[in-house]
Amino acid sequence: MGASDFSNLPHIGESVKRKEDLRFLTGVGNYTDDINIANQTYAVFVRSPHAHANVKSVSIDAALAMPGVVHVFTGKDIEGKMGGLPCGWGITNTDGTPMAEPPHPILAIDKVRYVGDHVAMVVAETVQQAKDAAEYVEVDYEVLQASVTCAQARTNAALHTEAPDNHCYKWAIGDKGGVDEAFKGAHHITKLDLTNNRLVPNAMEPRAAIGHYNRAGDDYTLYVSNQNPHVERLLMTAFVLSLPEHKVRVIAPDVGGGFGSKIYLYAEDVALTWGSKQINRPIKWVCDRSEAFLSDAHGRDHVSTAEMAMDKDGKFLAMRVHTDANLGAYLSTFATAVPTILYATLLAGQYSTPQVYVEVDSWFTNTAPVDAYRGAGRPEATYLLERLVSRCAWEMNLSQDEIRKRNFITSFPYQTPVALQYDTGDFHACMDKAQAMADTAGFAKRKADSAAKGLLRGIGYSSYIEACGIAPSNIAGALGARAGLFESGEVRVHPTGSVTVFTGSHSHGQGHETTFAQVVAARLGLEVDQVDIVHGDTGRVPFGMGTYGSRSISVGGAAIMRALDKIEAKAKKIAAHLLEASDTDIEFANGEFTVKGTDKKVPFAQVALTAYVPHNYPLDKLEPGLNETAFYDPTNFTFPAGTYICEVEIDPATGVTRIDSFTAVDDFGTIINPMVVEGQVHGGLAQGIGQALLENCVYDQETGQLLTGSFMDYAMPRADDFPEFKIGHVCTPCTHNPLGTKGCGEAGAIGSPPAVINAVLDALHEVGVTDFDMPASPNRVWQAIQSAKA
Amino acid sequence: MLVQLTVNGKPMQADVANNTLLVQMLRENLHLTGTHVGCDTSQCGACTVIMNGDAVKSCSVLAASANGSEVKTIEGMAQADGTLHPMQAAFKECHGLQCGYCTPGMVMSAVDLVAKNPKASEAEIRESLEGNMCRCTGYQNIVRAVQTGRDAMVG
């Protein structure tokens, strides 16, 4: 079944209301902290108050004597008994050597490397007792010089003996010589220095986990708020605890948002699982929000220089980029992939720039580990490129839309100079639609109206492209991936024709239980309510790589489609038997099997029943049952793309920036459920605009203390920070998956930050501000205006 | 100490420590886990319940000080036959939730808002939701849900 056939089926393109909503709306959702196990204990982690220090001694005697304390684990308890947290992506330096890969111990052994680093795990009968006892763990620290920025890491004391210069890797992509040559012949070169500020993901449900060892079976169950339970199990069993996988079941029940921060294997998960065997009791841990600020993997944190060489018409000839990426104190699971494969390969953007060269240096600093956060590398690429492109326009006296239109790729497939091959897209259509929806023609009048009120108005453009559904496994492997990137789907048809699907992708707000059910219902001619989706449990789902990178429908959904192909093929054989016809003459549509050219037919439910009650059944040729599993490895990434247009109004007296309108036109290929897709776009926009206007993770540059450590001082977006978003779509179906889908979860967060900042710069240009980085908080905008005046 | 409450119309009691918060008592003693904890600074609003007719953040109320009060949680919003409260139905209809974690607090705040301001405008709704954070929906559909729920409640 081709993508276009699929998109015409019933239920596809229908805004089916979500099946999962009822439990969330009535308070019977089942998040990890809602689970309690008989005889469970509670863990509290003792965390380092220093960014960088030698741990001279840890004394637990006083803590052990506190009421209710069951055990206190320290680094000495685990030393030599388990591996450290593994990094899932190895990077090769430009000189051919491997990256520096220092160990990441589960509990600190002789050194702490960021505020919040784990020093001990206190286990007690109640949370309060564990908290009280944690105060009595005495740690003797010798404080060392801290590095917070990449620039400091270049010269400061080493965090790891394995990386004496704090350098993790130098990596590059593109033809350096070719780019240098093209720059020599350029009519104009635009140069831009910019910072992509560090963010805290802040899923509303803080991380939580329960480690539960069962002595009778010598096995473990880990309940954990996580986006990919199979990968969690794989990493923990194979790389840390040396346990056989069949002895560990990982269950990620309802998960209250992830945004990347719950992809990773965290030290707490390992400590709880291992510790539960040591005390032979379940151990529960629920992260406080302030603790989450310290210990969840952060996002972004790039400092870059970019240059574009152009001819006299503003046609891009070549681009050159250097980025310093802050990886934090240790390598989180996918940290190394973010500033390389997920970032540099997207820097061609939507443009036919013939030559691109990108060099990345990444660094260890005394900050929380940085990893993928909504978009992962793609927002960093888009922010850099789209800021640069608008600046090119301003320097060439062209409009922001004109320079984009002059450089858009128009012919597909298109091979970029930085490894990717875009299969399809229509960038001009997205731009045209966005301009119409945003009424860009009326901008000049609106600007004059703002000026009459003493306000500055600006318009900003951003034309993004992203790569979703990281693929295929063998190419990713050649680029350093240490895991496969396929997905699995099992379709279990029950005797009465209803269906349960077991998917390896994971839903933590994306609505898979509805969207995936639509896909299956459409294919089998069922009602959506006849299909249930199961996910998030290694004990029930065959295998899975989880949910991140907007891969669920394009990879997970495609795996289910493959399983449905097998279901259909077998069901046709059963139908052929029932209809006394050749199976090559059987056709299946609208839930009925028919014999070509006749009126003989049998419904799907009857075929299902026959498979399980095989009385009239070709048992000599066919096994009973109707249950098929497929694993799908994509042949390429998918490439969602779009154009976003933002209009801001700034009060120069206060620096307050108000988003007056925001238009997002995206090409996600086939859309299964427009309501769900629109919701995903809204959420992404809120996070992207949040970064652009409000959010900023700040460490004290001398001490390495986290200054934005709670919702009191990290500005989270709220309902009155946004206008109504204008959302539009263009559809060029993906050419290489059976659904034609491209993925939609990250687009908003990728495309919106440069649109906002370009608008801010467009507005501030009038008062002499030419450079500005996120976030455009009132104070920072006001300061920029004052500096320009001075 | 023994704390006695009427929760969702039923008398309930628990023996709790003096420093137990209302949210802890609801979740841990009364096993009403629909009320969530999303922060430790009373900023996020995931723990919002209605106490004696007012929406409160149950993470900033001591269980002891709630002794004798009438508390309504998300578990008590639907009718006994399962019919959703108009505000719950509106959140489903308008796709006003994604991961669902902030949702109970949002619904409780929204019901309180409409009870006190049945004609709340879009701007007033956005402003009054300031104490409830959501990281998934971008708020637009939550605002629509509250408007739809408002119309259904007011009739």
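So, a few notes on the structure that sits alongside this text. (Residues numbered from 1 in each chain as written. Chains lettered and ligands numbered in written order. Predicted model: local features only at pLDDT ≥ 70, side-chain atom pairs only at ≥ 80, totals over all residues. Heavy atoms only, no water.)

Regarding the overall build of chain A
Selection criterion: Segments assigned H or I by DSSP are reported as helices when at least four residues long, segments assigned E as strands when at least two residues long, and all are numbered from the N terminus. Only the C-alpha atoms count toward the radius of gyration. The rule for a globule is 2.2 Å times the residue count to the power 0.38. To sort residues, take the accessible area from a 1.4 Å probe on protein chains only and compare it with the maximum for the residue type: under 20% means buried, over 50% means exposed, and anything in between is partly exposed. Surface exposure here means Shrake-Rupley accessible area, sampled with a 1.4 Å probe, where a residue is shielded only by the protein chains that are shown. In this tally Asp and Glu are treated as negative and Lys and Arg as positive; neither His nor the chain ends contributes. Every charge is mapped to an atom, namely NZ of Lys, CZ of Arg, CG of Asp or CD of Glu.
Looking only at helices and strands, chain A features 21 helices and 28 strands. Here the C-alpha atoms of chain A give a radius of gyration of 27 Å, agreeing with the 28 Å that 2.2 N^0.38 yields for 790 residues. Oriented by its inertia axes, the alpha-carbon framework of chain A measures out at about 90 × 75 × 50 Å. Classification of the 790 residues of chain A by burial places 65% in the buried group. Here chain A has roughly 25,800 Å² of accessible surface; of this, 51% comes from carbon and sulfur atoms. Side chains of chain A give 64 positive and 93 negative charges; the mean places of these two sets differ by 2 Å.

Side note on the overall build of chain B
Just so we agree on the cut-off: Residue contacts are counted whenever heavy atoms from the two residues lie within 4.5 Å of one another.
Each helix and strand counted, chain B has 5 helices and 5 strands in total. Ordered by position from N to C terminus, the α and β elements of chain B give β-β-α-β-β-β-α-α-α-α. By the burial criterion, 56% of the 155 residues in chain B qualify as buried. Partitioning the contacts of chain B with sequence separation of at least 6, the portion at a separation of at least 24 is 58%. When the accessible area of chain B is evaluated, it comes to approximately 5,900 Å², of which 49% is carbon and sulfur surface.

Some thoughts on the interface of chain A and chain B
Which entries qualify depends on this criterion: Two parts placed together each lose some accessible area under a 1.4 Å probe, and the buried area is that loss summed for both. Salt bridges are counted wherever a side-chain nitrogen of Lys or Arg sits within 4 Å of a carboxyl oxygen of Asp or Glu. Pairing of N or O atoms within 3.5 Å defines a polar contact, subject to two protein rules: one partner must be a possible hydrogen donor and the other a possible acceptor, and residues neighboring in sequence count only if both atoms are side-chain atoms.
The partner chain B presents 43 residues to the 50 residues of chain A that form the contact. Summing the contributions of chain A and of chain B, the shared interface buries around 4,100 Å²; its carbon and sulfur component is 54%. Contact with chain B buries surface across chain A, with Leu25, Met204 and Arg718 of chain A losing the most and accounting together for 18% of the total. For the pair chain A and chain B, the number of links is 6 salt bridges. Here Glu678 of chain A and Arg144 of chain B are joined by a salt bridge, their closest N and O atoms 3.9 Å apart. Counting every contact that joins chain A to chain B gives 27 residue pairs in polar contact (both at pLDDT 80 or more). Contributions of two or more residues to the side of chain A that touches chain B are made by helix H2 (21-25), helix H10 (289-295) and helix H19 (674-693) of chain A.

Some thoughts on the pattern of salt bridges
All names here are of chain A. For the structure shown, the criterion picks out 60 salt bridges over all chains. For Glu592, the salt bridge is made with Lys601, and the minimal N-O distance between the two is 3.8 Å. When its relative accessible area of 52% is taken as the criterion, Lys601 is described as exposed. One network of salt bridges, with partners in common, ties together Asp439, Arg446, Lys453, Arg457, Glu647, Glu649, Arg658 and Asp660.

Some remarks on unusual backbone geometry
Residue and element names in this part refer to chain A. Note the cis peptide between Phe412 and Pro413, where omega equals -5°. Residue position: Pro413 is located in the loop between helix H12 (400-407) and strand S16 (414-415). Cis geometry is found at the peptide bond from Met774 to Pro775, where omega equals -5°. Tracing the chain through its elements places Pro775 in the loop between helix H20 (747-764) and helix H21 (778-789).

Some words on a negative patch on the surface
So the rule is basically this: Residues enter a patch when their relative accessible area is above 30% and they make no salt bridge; the linking distance is 9 Å between like charges and 5 Å between nonpolar side chains (Val, Leu, Ile, Met, Phe, Trp, Tyr).
A surface patch of like charges, here negative, comprises Asp720 of chain A together with Glu124, Glu127 and Glu130 of chain B. Assignment of secondary structure puts Glu127 of chain B in helix H4 (residues 122-128).

A closer look at the packing of H19 of chain A against H20 of chain A
Residue and element names in this part refer to chain A. Which entries qualify depends on this criterion: Every axis in this analysis is a line fitted to C-alpha atoms, fitted for helices over the stretch in contact. Angles between the N-to-C directions lie between 0 and 180 degrees. Here is the rule for angles: anything less than 35 degrees is roughly parallel, anything more than 145 is roughly antiparallel, 65 through 115 is roughly perpendicular, and the remaining ranges are oblique. It is the rotation of the near helix from the far one that decides the hand of a crossing: anticlockwise by less than a right angle makes it left-handed, clockwise makes it right-handed. The classification used treats Ala, Val, Leu, Ile, Met, Phe, Trp, Tyr, Cys and Pro as nonpolar, Asp, Glu, Lys and Arg as charged, and all other residues, Gly among them, as polar.
Viewed as axis vectors pointing N to C, H19 and H20 meet at an angle of 40°, and their least axial separation amounts to 7 Å. If you check the angle between H19 and H20, you find them oblique. Remark: the crossing between H19 and H20 carries right-handed chirality. Of H20, the residues touching H19 (which contributes Val681, Gly684, Leu685, Gly688, Ile689, Gln691, Ala692 and Leu693) are Gly748, Ala749, Ser752, Pro753, Val756 and Ile757. Looking at the contact of H19 with H20 residue by residue, the class counts come to 9 nonpolar, 5 polar and no charged.

Overview of the nonpolar core
Buried together is how nonpolar side chains tend to be arranged in soluble globular proteins. For the record, the criterion: Buried residues of nine kinds, namely Ala, Val, Leu, Ile, Met, Phe, Trp, Tyr and Cys, make up a nonpolar core once their side-chain atoms join them within 4.5 Å.
In this structure, Phe662 of chain A together with Phe91 and Val146 of chain B are the most contacted members of the largest nonpolar core, which totals 210 residues. Examining the composition of this core, we find that 10 residues originate from one element, H20 of chain A, more than from any other. Residues in contact with Phe662 of chain A, not counting those within four places in the same chain, are Tyr644, Ile645, Cys646, Leu685, Ile689, Glu724, Phe725, Lys726, Ser752, Ala755 and Val756 of chain A. Membership of the second largest hydrophobic core comes to 45 residues, among which are Ala517, Leu564, Ala571 and Ala575 of chain A.

Notes on the environment of His50 of chain A
All names here are of chain A. For His50, the position within the fold is in the loop between strand S1 (41-47) and strand S2 (53-59). Classification of His50 as partly exposed rests on a relative accessible area of 24%. Here the alpha-carbon distance between His50 and Leu144, two residues 94 residues apart in the chain, equals 8.7 Å. Excluding its chain neighbours within four sequence positions, the residues that come into contact with His50 are Val112, Tyr114, Val115, Tyr141, Val143 and Gln705.

Quick word on the packing of aromatic side chains
Convention followed: Each Phe, Tyr or Trp ring (for Trp, its six-membered ring) is paired with any other whose centre lies within 6.5 Å, and the angle between the two planes then decides the class: stacked below 30 degrees, edge-to-face above 60, tilted in between.
What the rule picks out here adds up to 27 aromatic pairs over all chains. Between Tyr31 of chain A and Tyr101 of chain B, the ring centres sit 5.1 Å apart and the planes meet at 90°, which makes this aromatic pair edge-to-face. Placement of Tyr31 of chain A in the loop between H2 and S1 and of Tyr101 of chain B in the loop between helix H2 (86-93) and helix H3 (103-116) is noted, with the two residues assigned to different chains. You'll find Tyr31 of chain A and Tyr101 of chain B in the same group, each marked buried. Here Phe412 of chain A and Phe427 of chain A contribute two aromatic rings whose centre-to-centre distance is 5.5 Å and whose plane-to-plane angle is 80°, an arrangement assigned as edge-to-face. On the criterion of sequence distance, the pair formed by Phe412 of chain A in the loop between H12 and S16 and Phe427 of chain A in helix H13 (residues 427-438) is long-range, its members being 15 residues apart. By relative accessible area, Phe412 of chain A is classed as partly exposed at 23%.

Some remarks on H13 of chain A
Residue and element names in this part refer to chain A. Convention followed: Here a helix's expected span is defined as the number of its residues, less one, multiplied by 1.5 Å. Comment: arc refers to directions from the helix axis out to C-beta atoms.
The end-to-end C-alpha distance of H13 is 16 Å, a good match for the 16 Å that 12 residues give at a rise of 1.5 Å each. Taken together, the buried positions of H13 are Phe427, Cys430, Met431, Ala434, Gln435 and Ala438. Taken down its axis, H13 places every buried residue within 125° of arc, on the same side. Taken together, the buried residues of H13 touch H12, helix H14 (443-452), strand S18 (456-465), strand S26 (641-650), strand S27 (657-667) and strand S28 (725-729). Of the residues trailing H13, Asp439 is marked for its positive phi of about 50°.

Points about the environment of Ala776 of chain A
Residues and elements named next belong to chain A. Note that Ala776 resides in the loop between H20 and H21. Here Ala776 falls in the buried class, since its relative accessible area comes to 2%. Discounting residues that sit within four places of it in the chain, Ala776 has contacts with Thr657, Ala692, Leu693, Ile757, Val760 and Val781.

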